[in-house]
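# Coordinate inspection notes
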Amino acid sequence: MIRIRELTKRYGPLTVLDRFSLDVAPGESVALWGPNGAGKTTVVRCILGLVDYEGSVQVAGLDARLRGKAVRARIGYVAQELSFYDDMPLEDVLVYSATLRNVPVARVGTLLDQFRLHDHRLKRVAELSGGLKQRLALAVALVPDPPLLLLDEPTSNLDAHSREEAIELFEELRREGRTILLTTHHMEEMGMLVDRVVAMDGGRIVTECPPGELAERLGLKVWLHVILRSHDTTRALEALESAGFAARTNSAGILVEVPAQRKGQALNTLHRAGLEIEDLEVWT
Amino acid sequence: MTAGAAPDVWLDLPEKAQRRTILAIARKELDDAVRSRWFWMWTVSFAGLAAVLAMTALPASRIAGAASYGRTAASLVTLTQIIVPLMGLTLGAQTIAFQRENGALRFLLSHPVNRTESFWGLYAGKAAALTAASFAGFGTAGVVTALRSGGGEAGSFVRITLLAWALLLAMVAVGMLISTLAHRAPSALGSAVFTWLALVFLGDLGLMGTAVATRLSVPMLFFSTIVNPVEAFRLAALATFASSFDILGPAGTYAADALGAALVPVIVSSLLAWILVPLAVAWFRFTRHQDL
């Protein structure tokens with residue numbers, strides 16, 4: 001569905017993408033993962049023809065540079081910033097998108113129902129909550145019922161409840177067999193949605209693998225912030241250090257550095273030492 | 001729902017610009033304008049000022065007859081040459097720069113829309129909104145004039161309205177050019193205000209100063225005047241109701257003598273060039289040199 005070869009993008013002296021190549025098969029779901037500035041959003045913008053680039057991008061066999069309109073007709077896009085027109089009523093945004101895509105306006109009614117937006121259709125975009133904006137963004141992306149979805153940090157501006165709701169929607173879209181390319185730096189929540197993760201840094205691919213292998217491949221670590229019921233931090237530090245973990249106290253408990261895919265081992269160590277955990281947070 | 005289940009009518013849109021898409025974008029711009037405060041502010045201000053000018057100028061025309069229609073027309077021309085460029089330049093300059101900054105342009109261009117369609121749609125929509133605002137002003141002044149002094153000078157009034165429209169289209173075009181050149185919306189707005197000052201005030205004063213300092217020849221003075229769209233509008237508008245160009249000094253006399261009947265077409269051509277050239281440059285810049 002997507003074929004990218006030697007994609008390079010420079011802003012003055014800064015190289016944002018450096019000979020980036022990627023294939024995404026029809027029906028496949030792929031995440032571009034990496035820190036801010038890794039070049040994930042730029043890949044999406046190149047596919048959409050929003051920026052100039054060197055190299056080649058093909059969607060469904062069409063050159064994105066030469067057949068930009070035909071390529072974009074096949075793509076539903078959810079932007080990182082939901083920068084819709086603030087003064088427009090929600091329904092008008094969908095009608096406008098349908099008009100630009102030459103899709104019958106009757107489709108808008110279907111989408112309003114599908115995304116439970118019907119009761120909000122007359123509200124101005126500025127009046128919508130983050131979750132509603134996200135649903136609107138997805139509804140807009142699905143106006144043409146596209147075979148390919150580009151989701152750029154689709155949950156970055158959402159609270160926990162809206163994020164959970166959005167992830168359910170993405171799962172449904174995936175089950176429908178659409179090709180999905182999404183960007184994220186939250187692998188924990190998006191990992192379950194994709195078949196493959198492409199880790200990026202400095203505009204290049206660092207590694208490609210199934211989401212479950214990413215942490216091990218990259219040696220990713222997280223911090224566990226543990227509050228013990230007994231506040232016996234000395235014994236906890238001894239137990240953790242003897243098991244090979246780096247740990248230290250902080251004002252409220254202890255911080256333990258663990259490999260991202262082996263968080264349970266640190267907890268088991270504390271449990272075996274007879275220490276009861278009252279609360280736990282994972283810091284990435 | 002299954003992926004790609006909708007009819008495939010959209011799948012092979014031709015790449016050339018489509019009138020349907022341009023009209024959809026223009027209509028959206030027009031709707032946005034009508035929803036916005038600035039549109040009503042300009043419309044009411046312009047219509048109010050035009051009506052006040054028409055009412056205050058007309059008592060004399062009842063005494064002196066149709067000859068003093070010129071007072072109303074001259075007042076309206078003065079108002080137009082200040083307000084219309086400010087309106088066209090500032091709002092034209094915000095079109096692309098503002099939408100680029102808030103991401104709306106990226107949203108638009110993520111659709112099967114090319115940059116040519118976007119550009120002409122945005123220009124047409126903005127020009128249509130401002131046309132409505134300025135016609136409301138001229139319409140109000142026209143109604144007041146007709147009610148109080150009869151419709152004897154309707155032809156002249158319509159010609160001034162059309163010239164003001166040409167000036168408006170030119171100013172929106174220059175504003176769009178500024179919009180494509182500016183990196184940020186505030187700098188686009190600042191450049192538009194500076195351009196307005198240059199065309200309306202500095203152009204006039206600067207030309208006079210330059211003429212005195214360099215002993216500019218009369219033909220050069222005339223041509224320097226008509227390359228400024230605001231001055232070109234003023235000359236062409238005066239030609240619709242003034243019996244001679246003596247009030248413009250030596251340049252006016254030269255213009256009438258040298259060009260005769262060709263004077264107005266030459267001036268109108270200058271205005272048309274001010275519409276077409278900035279638009280062509282802005283379109284070229286927008287379609288070829290801008291990342292979003």
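What comes next is a walk through the structure. Everything numeric in this text was worked out from a predicted model, so none of it was measured.

## Some remarks on the nonpolar core
Counting 150 residues, the largest nonpolar core has A:Ile4, A:Phe20, A:Ile47, A:Leu94, A:Leu150, A:Leu181 and B:Tyr123 as the members making the most contacts within it. At 16 residues, helix α6 (residues 154–181) of chain B tops the list of elements feeding residues into this core. Setting aside anything within four residues of it in sequence, one finds A:Leu150 in contact with A:Ile2, A:Val44, A:Ile47, A:Leu48, A:Ile75, A:Gly76, A:Tyr77, A:Val78 and A:Leu181. Counting 17 residues, the second-largest nonpolar core is a separate cluster that includes A:Leu224, A:Leu237, A:Val256 and A:Ala266.

## Some points on the sheet that holds strand β5 (residues 62–63) of chain A
All names here are of chain A. On the basis of which strands lie adjacent, the open sheet formed by 4 strands has the order β2-β1-β4-β5 and antiparallel pairing. The sheet is open, and its two edges are formed by β2 (14–24) and β5, each paired on a single side. Bridge count for strand β4 (residues 54–59) against β5 is 2 bridges, and the pairing is antiparallel. Within the sheet, the bridge partner assigned to Gln58 lies in β5 and is Asp63.

## Side note on the pairing of strand β3 (residues 29–33) of chain A
Along any regular strand the residues' side chains alternate between the sheet's two faces. Residues and elements named next belong to chain A. In terms of residue burial, β3 counts as a mostly covered element, since 5 of its 5 residues are buried. Along β3, one buried face is formed by Ser29, Ala31 and Trp33 and the opposite face, lined by Val30 and Leu32, is buried too. Across 5 bridges, β3 lies against strand β8 (residues 179–184) in parallel orientation. Counterpart to Leu32 in the pairing with β8 is Thr183. Examined bridge by bridge, β3 and strand β9 (residues 196–201) share 4 bridges and lie parallel to one another. Bridge pairing in β9 links Leu32 to Val198.

## Let's talk about the sheet that holds β3(A)
Residues and elements named next belong to chain A. As summarised here, the arrangement of the 6 strands in space is β6-β7-β8-β3-β9-β10, forming an open sheet in which the pairing is mixed. Two strands in the sheet have a free side with no partner beyond their single neighbour: β6 (75–78) and β10 (204–209). Direction aside, neighbouring strands of the sheet carry axes that sit 15° apart on average. With respect to the sheet, helix α1 (residues 40–48) is in contact with β3, β6, β7 (148–152), β8 and β9, its orientation differing from that of β8 by roughly 145°. Strands β3, β7 and β8 of the sheet are contacted by helix α6 (residues 160–175), whose axis makes an angle of about 150° with β8.

## With respect to the layout of surface pockets
Counted as a void, the largest pocket has a volume near 620 Å³. A:Asp87, B:Asp32, B:Ser36, B:Trp38 and B:Phe98 are the residues nearest the centre of the largest pocket, which is lined by 20 residues in total. Secondary-structure elements contributing two or more residues to the lining of the largest pocket are α1 (19–35), α2 (37–64) and α3 (69–102) of chain B. Among the elements that make up the lining of the largest pocket, the one with the highest residue count is α3(B) (5 residues). A breakdown of the residues in the lining of the largest pocket according to their chemical character gives 7 nonpolar, 6 polar and 7 charged.

## Focus on the pattern of salt bridges
By the definition in use, this model includes 20 salt bridges over all chains. Between A:Asp18 and A:Arg19 there is a salt bridge, and its shortest N-O distance comes to 3.5 Å. Taking the shortest distance from any N to any O, the salt bridge between A:Asp18 and A:Arg204 comes out at 2.8 Å. Residue A:Asp18 is found in strand β2, and its partner A:Arg204 is found in strand β10; the two are separated by 186 residues along the sequence. Assessed through its relative accessible area of 39%, A:Arg204 is described here as partly exposed. Via salt bridges that share partners, A:Asp92, B:Lys28, B:Asp32 and B:Arg35 belong to a single interconnected network.

How each quantity is defined
- Residues numbered from 1 in each chain as written.
- Chains lettered and ligands numbered in written order.
- Predicted model: local features only at pLDDT ≥ 70, side-chain atom pairs only at ≥ 80, totals over all residues.
- Heavy atoms only, no water.
- Core = buried A, V, L, I, M, F, W, Y, C linked by side-chain atoms within 4.5 Å.
- Buried < 20%, exposed > 50% of the residue type's maximum accessible area, 1.4 Å probe, protein only.
- Helix = DSSP H or I, 4+ residues; strand = E, 2+ residues; numbered from the N terminus.
- Contact = heavy atoms within 4.5 Å.
- Pairing = 2+ DSSP bridges.
- Axes fitted to C-alpha atoms, helices over the stretch in contact; angles between N-to-C directions.
- 1 Å grid on protein atoms, 1.4 Å probe; cavity = no way out; pocket = protein on both sides within 12 Å on 5 of 7 lines; lining within 4 Å.
- Points joined across faces, edges and corners; volume = space filled by probe spheres on them.
- Nonpolar A, V, L, I, M, F, W, Y, C, P; charged D, E, K, R; others polar.
- Salt bridge = Lys/Arg side-chain N within 4 Å of Asp/Glu carboxyl O.

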